[in-house]
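Each chain is listed here by its residues.
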Amino acid sequence: MGRLVGLSLLGIALGLVGERLLALRNRLKASSEVESVDLPNCHLIKGIEAGAEDIDILPNGLAFLSVGLKYPGLHSFAPDKPGGILMMDLKDENPRALELRISRGFNLASFNPHGISTFIDSDDTVYLFVVNHPEFRTTVEIFKFQEEDNSLLHLKTVKHELLPSVNDIIAVGPAHFYATNDHYFSDPFLKYLETYLNLHWTNVVYYSPNEVKLVAEGFDSANGINISPDKKYIYVADILAHEIHVLEKQHNMNLTQVKVLKLDTLVDNLSIDPSSGDILVGCHPNGQKLFIYDPNNPPSSQVLRIQNILSEKPTVTIVYANNGSVLQGSSVASVYDRKLLIGTLYHRALYCEL
């Protein structure tokens, strides 16, 4: 009788393991392939060989690129090289990527930048917020951009117990931001277990010098975040749920969910087209290829444009798609004056004239 009970329990356990593995494959869209959608006037950006995970563009056409991310479970083409922040002037006829110098005293050796966001103060001071993973921990670094010598002055490092695994950030003040946690835990094993069990414990946090609070939760894996042009709504990408959440920003900075847009791909970073208010999304058609890297079957890339997301039926268009032969693992797409930049988790970056 005891053996029969033991075998029954083992069978139930194996069944649960199998069900979770199948569910994870579905969340990763492990069987998906992509049909190419090409753009005619594109070239790879010289000097970017190990990813440009996030991109933010100022109204004057200066683009900041977060490069060289190292992340547990992800491939890296430059595992021993620290990350950095590059800049491109998209008003130039032939923009080039230049690395910004960072002020003395900041630990460059452990710099591992992830999501970024800019904020322009009333006196035209430009602040750059950078999610950083030194030694795979999480901090948010706040810099002042000094355009006269193309440098970043480090102002502050933010650490907080409500910010254990920050992925992306949207600045809403000189020291104020919303941030997504893509995991509830900071321990690598617990992160894996959390993802495997599909706990939906990830969240969005509001940070200010006077108040830090949880403002939205229940995401599978909260990822990219941005704000509507009128500053009324926050957009959050839930990468493993294949969703974009629209949340209304309240006067006390809390967020109230308005709607959820379901898509058929893994949605990463979100950017806003300043000319239209459309959302550009860097996507992963097959997430399994990101984590199990095979140079003979590389991860593909996809960029979506979402028009009128607040309407009953938003329009979703594929702007660009590639099977990995040109660009692997697209994570972000940002546009300025018909010039499109597409960044990746750990591969190259693409410049296109639309």
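Residue indices follow the written sequence of each chain, beginning from 1 at its first position. The model is predicted, so local features are restricted to residues of pLDDT at least 70 and side-chain atom pairs to those at 80 or more, both for listing and for counting; the totals for chains, interfaces and linings are taken over all residues. The basis for the side-chain values is all heavy atoms of the structure; hydrogens and waters are excluded.

Our working definition: UniProt positions are given in the numbering used here, feature names are shortened, and annotations may be inferred rather than shown by experiment.
Under an unreviewed UniProt entry, the name given to the chain is Paraoxonase, and the organism recorded is Myotis myotis. On record in UniProt, under Sequence similarities (unreviewed entry), the comment for the chain is "Belongs to the paraoxonase family." Of the comments in the UniProt record for the chain, the one headed Subunit (unreviewed entry) reads "Homotrimer."

1. Side note on the UniProt feature "active site" (unreviewed entry) in the chain
Applicable threshold: Only DSSP runs of H or I with at least four residues qualify as helices, and only runs of E with at least two residues qualify as strands; both kinds are numbered from the N terminus onward. By definition, residues are in contact when any of their heavy atoms lie within 4.5 Å.
The UniProt feature table records "active site" (unreviewed entry) at His114. Of note, histidine 114 is situated in strand S7 (residues 113-120). In this structure, histidine 114 is in contact with Glu53, Asp54, Ser66, Leu69, Tyr71, Val131, His133, Val166, Asn167 and Asp182, ignoring residues within four places of it in sequence.

2. Topic: the environment of leucine 163
For leucine 163, the position within the fold is in the loop between strand S10 (151-158) and strand S11 (166-173). In the structure, leucine 163 is positioned 19 residues away from aspartate 182 in sequence and 10.0 Å away in space, judged by C-alpha atoms. When near neighbours in sequence (up to four residues on either side) are disregarded, leucine 163 contacts Thr138, Val158, Phe177, Ala179, Asn181, Val205 and Tyr207.

3. What about the packing of aromatic side chains?
We apply this condition: Pairing of aromatic rings covers Phe, Tyr and Trp, the last through its six-membered ring, and needs centres within 6.5 Å; plane angles under 30 degrees mean stacked, over 60 mean edge-to-face, and all others mean tilted. Each residue gets one of three labels from its accessible area relative to the maximum for its type: buried under 20%, exposed over 50%, partly exposed in between, using a 1.4 Å probe on protein chains only.
Considering all chains together, one arrives at 14 aromatic pairs under this definition. Judged by centre distance (5.1 Å) and plane angle (85°), the rings of phenylalanine 64 and phenylalanine 145 are edge-to-face. Placement of phenylalanine 64 in strand S3 (residues 62-67) and of phenylalanine 145 in strand S9 (residues 139-146) is noted, with a sequence separation of 81 residues between them. When its relative accessible area of 7% is taken as the criterion, phenylalanine 145 is described as buried.

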